Amino acid sequence: MLIFSLLKKSVPEPVKPNAINLLDFDRKGLAAFFVGMGEKPFRATQLLKWIYQEGIEDFDLMTNLSKPLRAYLKEHCCIATPEIVLEQIASDGTRKWVLQTRCGNRVETVFIPEESRGTLCVSSQIGCALACTFCSTAQQGFNRNLTTAEIIGQVYAAQNRLGNAGKITNVVMMGMGEPLLNFDNVVAAMNLMMDDFSFGLSKRRVTISTSGVVPAMYRLTEVCDVSLAVSLHAVTDELRDQLVPINKKYPLNELMEACRENAKLAPRRTVTFEYVMLDGINDSLTDAHGLVKLLETVPAKINLIPFNPFPNSPYRCSSNNRINQFKTLLNDAGIVTTVRKTRGEDIDAACGQLVGQVQDKSRRHLKFQAIDQNKPDHFAS
Ligand code: SAH
């Protein structure tokens, strides 16, 4: 059954236009903020506990802060999350929330409940500047990076909304946008997800997915130890240039080198490779053999993603038969391979279906209209 509910717009406390949003800081950032105003750095952990563990947003109730500090925070700061304006619940229990940002755009966040865990799929940008041809977000174009507060605010707002109905145990940065093109804000938000004084998720339960922004992958390896997923989708530069155009800038050999570097972070660490199954495009058994060869020198797992269609999408999903053959070939070659279960399809909450509401500044949507009118051969349906 599909339940669809429009939440009554609550009336949030008016936020002063120049108020500093404390959700924009991870612990290090907060400590620097407090030191900058002549306070001790440990105020940062006190504040994180109030916000994320006690759910207190009223500075007057933060009783272990001095009265003058509380008054200062009240005057100059705020704790503001994007507002949930729409909630949809799929027949399989997947929930999609549409969140309104201050600039009037909307992003989407998805909660996927499973028996032993609850995964939140978080957006990092309003739209996406990349132009992966099989992804619906790409067609929306791009507006701007989300702030740290808007990213961690998705986790905060989702957990509040869920209450006892579900617990977020895992976060995947696989919603709208390319997280590594919003590096600093995404890293600060992931630090908060893993901070013991905030959400306290283990680093294995926070995953960042990238289309392959190679220089940022190296930076990430240096500063933030989270699980890495790479959207591979093709085993030749020729095809990947078409499906994931950032490949023209950072081709497969450079991408694989960055993955090997990341895998060195710990013994037995693996990189997950996502591979969308597109009928007649990248799903031949030659492609599967190519995948085995490509990943020979990278400690890898593979996640096959059945293609999720969206309006005007130029592709079809591979048959179940072909997906299973592909999977068996890879598993037989010794690479742990799973097929991603499609969740939340009836509310357009599956991979690549998140669209939000994006005031496009990149004119990307115009390019997609042009592609649609002038489809190359392999786009023909
Ligand atoms: N920009 C990041 C994260 C966002 S998408 C990235 O590219 O990794 C999360 C995953 O969903 C990516 O692997 C993406 O390639 C995949 N995806 C996008 N559109 C899809 C679609 N229509 N069907 C199935 N998977 C899709």
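Not measured: the values here are computed from a predicted model.

### Considering the overall build of the protein
Check the secondary structure of the protein and you find twelve helices and 15 strands. Computed over its C-alpha atoms, the radius of gyration of the protein comes to 21 Å, within 12% of the 21 Å expected for a compact globule of 381 residues. Viewed in the frame of its principal axes, the protein has a C-alpha envelope of about 70 × 45 × 40 Å. When burial is assessed residue by residue, the protein has 54% of its 381 residues classed as buried.

### Some points on the confidence of the model for the protein
Averaged over all residues, the pLDDT of the protein equals 91, while 91% of them reach at least 70. Contacts of residues 371–381 to residues separated by more than four positions or lying in other chains number ten contacts, the stretch itself having pLDDT below 50.

### Considerations on the packing of aromatic side chains
Under the counting rule described, the total for this entry stands at seven aromatic pairs. Between phenylalanine 25 and phenylalanine 33 the ring centres are 5.3 Å apart and the planes differ by 25 degrees, which places this aromatic pair in the stacked class. The class for phenylalanine 33 is buried, based on a relative accessible area of 14%. Note on phenylalanine 307 and tyrosine 315: the rings are 6.0 Å apart at their centroids and 85 degrees apart in plane angle, and the pair reads as edge-to-face. The exposure class assigned to phenylalanine 307 is buried, which follows from its relative accessible area of 5%. Given the relative accessible area of 6%, tyrosine 315 is considered buried. Members of the aromatic cluster, each reached through a chain of ring pairs, are Phe25, Phe33 and Phe34.

### Comments concerning helix α1 (residues 27–36)
Of the residues making up α1, those classed as buried are Leu30, Ala31, Phe33 and Phe34. In a view along the axis of α1, the buried residues occupy a sector of 160 degrees, so they form one face of it. Among the exposed residues of α1, those pointing more than 90 degrees away from its buried face are Lys28, Ala32 and Gly36. Buried residues along α1 sit against β2 (20–21), α2 (43–53), α3 (67–76) and β3 (77–78).

### Structural notes on the pairing of strand β7 (residues 118–121)
Residues Gly118 and Leu120 of β7 are buried on one face, and the alternating residues Thr119 and Cys121, pointing to the opposite face, are buried as well. Note that strand β6 (residues 106–113) and β7 share four bridges and pair antiparallel. What sits directly across from isoleucine 112, in β7, is threonine 119. Where β6 folds back on β7, the antiparallel hairpin that results is connected by four residues. Where β7 lies against strand β10 (residues 170–173), three bridges are found, and the strand directions are parallel. Residue pairing for β10: leucine 120 is matched across the bridge by valine 171.

### Points about the pattern of salt bridges
The final tally for this structure, using the stated rule, is 17 salt bridges. Glutamate 114 is the salt-bridge partner of arginine 117, the closest N and O atoms lying 3.2 Å from each other. A salt bridge links arginine 219 to aspartate 184; its shortest N-O distance comes to 3.2 Å. Here aspartate 184 lies in helix α6 (residues 183–194) and arginine 219 lies in helix α7 (residues 214–223), a separation of 35 residues in the sequence.

### Some words on the packing of helix α10 (residues 285–294) against helix α11 (residues 320–332)
Between α10 and α11, the least distance of the axes is 10 Å, while the angle of their chain directions is 30 degrees. It follows from the interaxial angle that α10 and α11 lie roughly parallel. The interaxial crossing formed by α10 with α11 has right-handed handedness. Seen from α10, the contacting residues are Leu285, Asp287, Ala288, His289, Leu291 and Val292; seen from α11, they are Arg322, Gln325, Phe326, Leu329 and Leu330.

### Overview of the side chain of histidine 233
Topologically, histidine 233 is positioned in the loop between β12 (227–231) and α8 (237–243). Overall, histidine 233 belongs to the buried group, its relative accessible area being 4%. A polar contact is formed between the side chain of histidine 233 and the backbone nitrogen of valine 276, at a distance of 2.9 Å. Contact partners of histidine 233, with chain neighbours within four places excluded, come to Phe134, Leu243, Val244, Glu274, Tyr275, Val276 and Asn282.

### Section: α3
Residues Leu69, Arg70 and Leu73 constitute the buried set of α3. Buried residues in α3, looked at end-on, bunch into an arc of 100 degrees, giving them a common side. Structural note: α3 exposes Lys67 and Pro68 on the side pointing more than 90 degrees away from its buried face. Lining the buried residues of α3 we find α1, α2 and β3.

### A closer look at the packing of helix α5 (residues 148–162) against α6
Closest axis-to-axis distance for the α5/α6 pair is 8 Å, and the angle between their directions is 35 degrees. In this structure, the crossing between α5 and α6 has a hand that is right-handed. Where α5 abuts α6, its residues Thr148, Ile151, Ile152 and Val155 lie against Asn185, Val186, Ala188, Ala189, Leu192 and Met193. Considering only residue class, the contact of α5 with α6 consists of eight nonpolar, two polar and no charged.

### Concerning the environment of asparagine 143
Looking at the element boundaries, asparagine 143 is found in strand β9 (residues 142–145). For asparagine 143, a relative accessible area of 8% corresponds to the buried category. Between the C-alpha atoms of asparagine 143 and proline 17, which are 126 residues apart in sequence, the distance is 21 Å. Setting aside residues no more than four positions away along its own chain, asparagine 143 makes contact with Asn105, Ile126, Val358, Gln359 and Lys361. At 2.7 Å, the side chain of asparagine 143 forms a polar contact with the backbone oxygen of glutamine 359.

Scoring rules and cut-offs
Residues numbered from 1 in each chain as written. Predicted model: local features only at pLDDT ≥ 70, side-chain atom pairs only at ≥ 80, totals over all residues. Heavy atoms only, no water. Helix = DSSP H or I, 4+ residues; strand = E, 2+ residues; numbered from the N terminus. Rg over C-alpha atoms; globule rule 2.2 N^0.38 Å. Buried < 20%, exposed > 50% of the residue type's maximum accessible area, 1.4 Å probe, protein only. pLDDT = per-residue confidence, 0-100. Contact = heavy atoms within 4.5 Å. Phe/Tyr/Trp six-rings, centres within 6.5 Å; stacked < 30°, edge-to-face > 60°. Arc of directions from axis to C-beta. Pairing = 2+ DSSP bridges. Salt bridge = Lys/Arg side-chain N within 4 Å of Asp/Glu carboxyl O. Axes fitted to C-alpha atoms, helices over the stretch in contact; angles between N-to-C directions. Parallel < 35°, antiparallel > 145°, perpendicular 65-115°, else oblique. Left-handed = near helix turned anticlockwise from the far one by under 90°. Polar contact = N/O pair within 3.5 Å; in protein donor to acceptor, adjacent residues only side chain to side chain. Nonpolar A, V, L, I, M, F, W, Y, C, P; charged D, E, K, R; others polar.

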